[in-house]
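Observations on chain architecture
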Amino acid sequence: MKRILIFGNSGSGKSTLAKKLCESKGLAHLDMDTLAWDNTVPPQRKSLDESICQIREFIDSSESWVVEGCYADLLEQLLPLCDELIFMNLPLAECIANAKARPWESHKYESKAAQDANLEMLIEWIKQYDQRTDEFSYSAHRRLFDDFTGPKREFNANDQGE
């Protein structure tokens, strides 16, 4: 049984690493982006309780899993259940390059064009990682990582997760 949490800035390679782990170890995969937001314009975060309920449904249905996202408030709910923590702490320039090169995420966007239309906003979001103080920030992620007492790894480059 393996239960892994992966977190970090947007564009840090969370989804790529999660997919590799799922394929190589036969784990179920949850991308928190798929349950953290209401389908509204502009998008709004779901209530913490609603997101946690959906996460619990996922983990109750799978013995072994990878959950990935940038939501420290949701991730901390799963800390007592995980076997390993992975902090994707890549330099901002690498996160931006990854965001520019990311393939179409059909589970998040209706088309590659719709995803690309969001790229400028995403790059600005990535650039603010170190300055933000919210649940998506470097400081929140650093605190999660530093406070976790179980097995953990911190990756500072794309090729470390391979």
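Scroll up to find the structure.
Residues numbered from 1 in each chain as written. Predicted model: local features only at pLDDT ≥ 70, side-chain atom pairs only at ≥ 80, totals over all residues. Heavy atoms only, no water.

Next up on the list: the overall build of the protein. Helix and strand counts for the protein come out as 7 helices and 7 strands. Tracing the protein from N to C terminus, the helices and strands come up as β-α-β-β-β-α-β-α-β-α-α-α-α-β. For the protein, the C-alpha radius of gyration of 15 Å lies close to 15 Å, the compact-globule estimate for 162 residues. Along the first, second and third principal axes, the C-alpha atoms of the protein reach 40 × 30 × 30 Å. Counting over 162 residues, the protein shows a buried share of 45%. (Helix = DSSP H or I, 4+ residues; strand = E, 2+ residues; numbered from the N terminus. Rg over C-alpha atoms; globule rule 2.2 N^0.38 Å. Buried < 20%, exposed > 50% of the residue type's maximum accessible area, 1.4 Å probe, protein only.)

Below, the discussion takes up the nonpolar core. Formed by 28 residues in total, the largest nonpolar core has its most connected members in Leu5, Met32, Ile55, Val67, Leu74 and Leu85. Counting only elements with at least two residues in this core, the list comes to β1 (3-8), α2 (48-60), β5 (65-69), α3 (72-78), β6 (84-88) and α7 (138-147). Counting residues in hydrophobic clusters, the runner-up holds 18 residues, among them Met88, Cys95, Ile96 and Ala99. (Core = buried A, V, L, I, M, F, W, Y, C linked by side-chain atoms within 4.5 Å.)

Where α7 is concerned, the buried positions are Ala140, His141, Arg142, Leu144 and Phe145. Of the surrounding elements, those touching the buried residues of α7 are β1, α3, β6 and β7 (152-155). (Contact = heavy atoms within 4.5 Å.)

Looking at the element boundaries, glycine 11 is found in the loop between β1 and α1 (14-25). With relative accessibility at 4%, the residue glycine 11 sits in the buried group. Considering only alpha carbons, one finds glycine 11 and arginine 102, 91 residues apart in sequence, at a separation of 8.1 Å. Once residues within four sequence positions are removed from consideration, glycine 11 is found in contact with Glu94, Cys95, Asn98 and Arg102.

Reported here for the largest pocket is a volume of approximately 1400 Å³. Considering the residues around the largest pocket, the lining is formed by 41 residues, among which Asp33, Arg102, Glu105, Lys108 and Tyr109 are closest to the centre. If you list the elements that add at least two residues to the lining of the largest pocket, you get α1, β3 (37-38), β5, α4 (92-101) and α6 (119-127). The dominant element in the lining of the largest pocket, judged by the number of residues it contributes, is α1, at 6 residues. Class assignment of the residues belonging to the lining of the largest pocket gives a composition of 15 nonpolar, 15 polar and 11 charged. (1 Å grid on protein atoms, 1.4 Å probe; cavity = no way out; pocket = protein on both sides within 12 Å on 5 of 7 lines; lining within 4 Å. Points joined across faces, edges and corners; volume = space filled by probe spheres on them. Nonpolar A, V, L, I, M, F, W, Y, C, P; charged D, E, K, R; others polar.)

The next thing to look at is the side chain of glutamate 84. Mapped onto the elements, glutamate 84 comes out in strand β6. What makes glutamate 84 buried here is its relative accessible area of 8%. Every residue in contact with glutamate 84, bar those within four places of it in the chain, is listed here: Lys2, Arg3, Ile4, Leu5, Pro151 and Arg153.

Going through the model one piece at a time under the given rule, you end up with 6 aromatic pairs. Measuring from centroid to centroid gives 5.3 Å for tyrosine 71 and phenylalanine 136, while their planes differ by 75 degrees, and the two rings are edge-to-face. Placement of the pair is tyrosine 71 in the loop between β5 and α3 and phenylalanine 136 in the loop between α6 and α7, with a sequence separation of 65 residues. In terms of burial, tyrosine 71 and phenylalanine 136 fall into one category: buried. (Phe/Tyr/Trp six-rings, centres within 6.5 Å; stacked < 30°, edge-to-face > 60°.)

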